[in-house]
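Inside the fold
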Amino acid sequence: MSKSPATREFARRERPLSPHLTVYRPPITMTMSIIHRITGGALYFGTLLVAFWLMAAASSEATFDWVNWAFGSWLGRLVLFGYTWALMHHMLGGIRHLVWDTGAGLEKHTASKIAWATLAGSILLTLLIWIAGYMARGA
């Protein structure tokens, strides 16, 4: 360390601390960006499930019945529900980025509203898809 009086004075002063995670609240646009990336990764695994289902349909009736049973269990339905939400959220996030590419909606307040709309829209679309699926199944 330097022996200069100016440096010693600076070293004794209290340094500001960076915001801790318990204090800092991430903006909604940052949160939606992170979730968009996570849902993109989740879609890879969900697409493998779709491919598995298609291969089972092409192989034998017994295999197809087993896969339908697995996807119809409570755990399978939970995974498929999550896959549906990830697909809807990623799609709406992509539309949000497409709008931003035009230069529209980049203001802080507008971008936050669009981010909240993306979240609400993905939940609403997921519920509508599953409700329509149950109604079609029961008919």
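Residues numbered from 1 in each chain as written. Predicted model: local features only at pLDDT ≥ 70, side-chain atom pairs only at ≥ 80, totals over all residues. Heavy atoms only, no water.

What follows is about the side chain of Thr39. For Thr39, the position within the fold is in helix α2 (residues 28–59). Engagement of the side chain of Thr39 in a polar contact is seen with the backbone oxygen of His36, the distance being 2.9 Å. The residues contacting Thr39, other than those within four sequence positions of it, are Trp85, Ala86, His89 and His90. (Helix = DSSP H or I, 4+ residues; strand = E, 2+ residues; numbered from the N terminus. Polar contact = N/O pair within 3.5 Å; in protein donor to acceptor, adjacent residues only side chain to side chain. Contact = heavy atoms within 4.5 Å.)

In the numbering used here, UniProt assigns the "transmembrane region" (unreviewed entry) feature to residues 34–54, 66–88 and 114–136. Taken end to end, residues 34–54 is 100% helix and 0% strand, and its two terminal C-alpha atoms sit 31 Å from one another. (UniProt positions renumbered as here; feature names shortened; annotations may be inferred.)

This paragraph deals with the packing of α2 against helix α4 (residues 74–101). Viewed as axis vectors pointing N to C, α2 and α4 meet at an angle of 130°, and their least axial separation amounts to 8 Å. Here α4 runs oblique to α2, going by the angle between their axes. Seen from above, α2 lies across α4 with left-handed handedness. Looking at side-chain class alone, the contact of α2 with α4 contains 11 nonpolar, 11 polar and 1 charged residues. (Axes fitted to C-alpha atoms, helices over the stretch in contact; angles between N-to-C directions. Parallel < 35°, antiparallel > 145°, perpendicular 65-115°, else oblique. Left-handed = near helix turned anticlockwise from the far one by under 90°. Nonpolar A, V, L, I, M, F, W, Y, C, P; charged D, E, K, R; others polar.)

For the rest of this paragraph, the subject is the packing of α2 against helix α3 (residues 61–72). At their nearest, the axes of α2 and α3 sit 7 Å apart, and the two run at 150° to each other. The angle between α2 and α3 falls in the class roughly antiparallel. Residue-level inspection shows Leu49, Phe52, Trp53, Ala56, Ala57 and Ser59 of α2 in contact with α3, the latter providing Thr63, Phe64, Trp66, Val67, Asn68 and Phe71. Across the contact of α2 with α3, the residue classes break down as 9 nonpolar, 3 polar and no charged.

An ideal rise of 1.5 Å per residue puts 45 Å on 31 residues; helix α5 (residues 108–138) measures up with 45 Å between its terminal C-alpha atoms. In this structure, the buried residues of α5 make contact with α2 and α4. (Expected span 1.5 Å × (residues − 1).)

On the surface, Phe81, Ile123, Leu127, Ile131 and Met135 cluster together into a nonpolar patch covering about 460 Å² of accessible area. Considering each element in turn, the nonpolar patch owes the most residues, 4 residues, to α5. With respect to the element layout, Met135 can be found in helix α5. (Patch = residues over 30% accessible without salt bridge, like charges linked within 9 Å, V, L, I, M, F, W, Y side chains within 5 Å. Areas by Shrake-Rupley, 256 points an atom, 1.4 Å probe, with all protein chains shown as cover. Salt bridge = Lys/Arg side-chain N within 4 Å of Asp/Glu carboxyl O.)

Overall, the coordinates contain 3 aromatic pairs when judged by the stated rule. Note on Trp130 and Tyr134: the rings are 6.2 Å apart at their centroids and 45° apart in plane angle, and the pair reads as tilted. Highlighted residues: Trp130 and Tyr134, both in helix α5, separated by 4 residues, approximately one helical turn. Accessibility expressed as a relative area gives 18% for Trp130, which makes it buried. Residue Tyr134 is classed as partly exposed on the basis of its relative accessible area of 42%. Put simply, the rings of Phe81, Trp130 and Tyr134 pair up and form one aromatic cluster. (Phe/Tyr/Trp six-rings, centres within 6.5 Å; stacked < 30°, edge-to-face > 60°. Buried < 20%, exposed > 50% of the residue type's maximum accessible area, 1.4 Å probe, protein only.)

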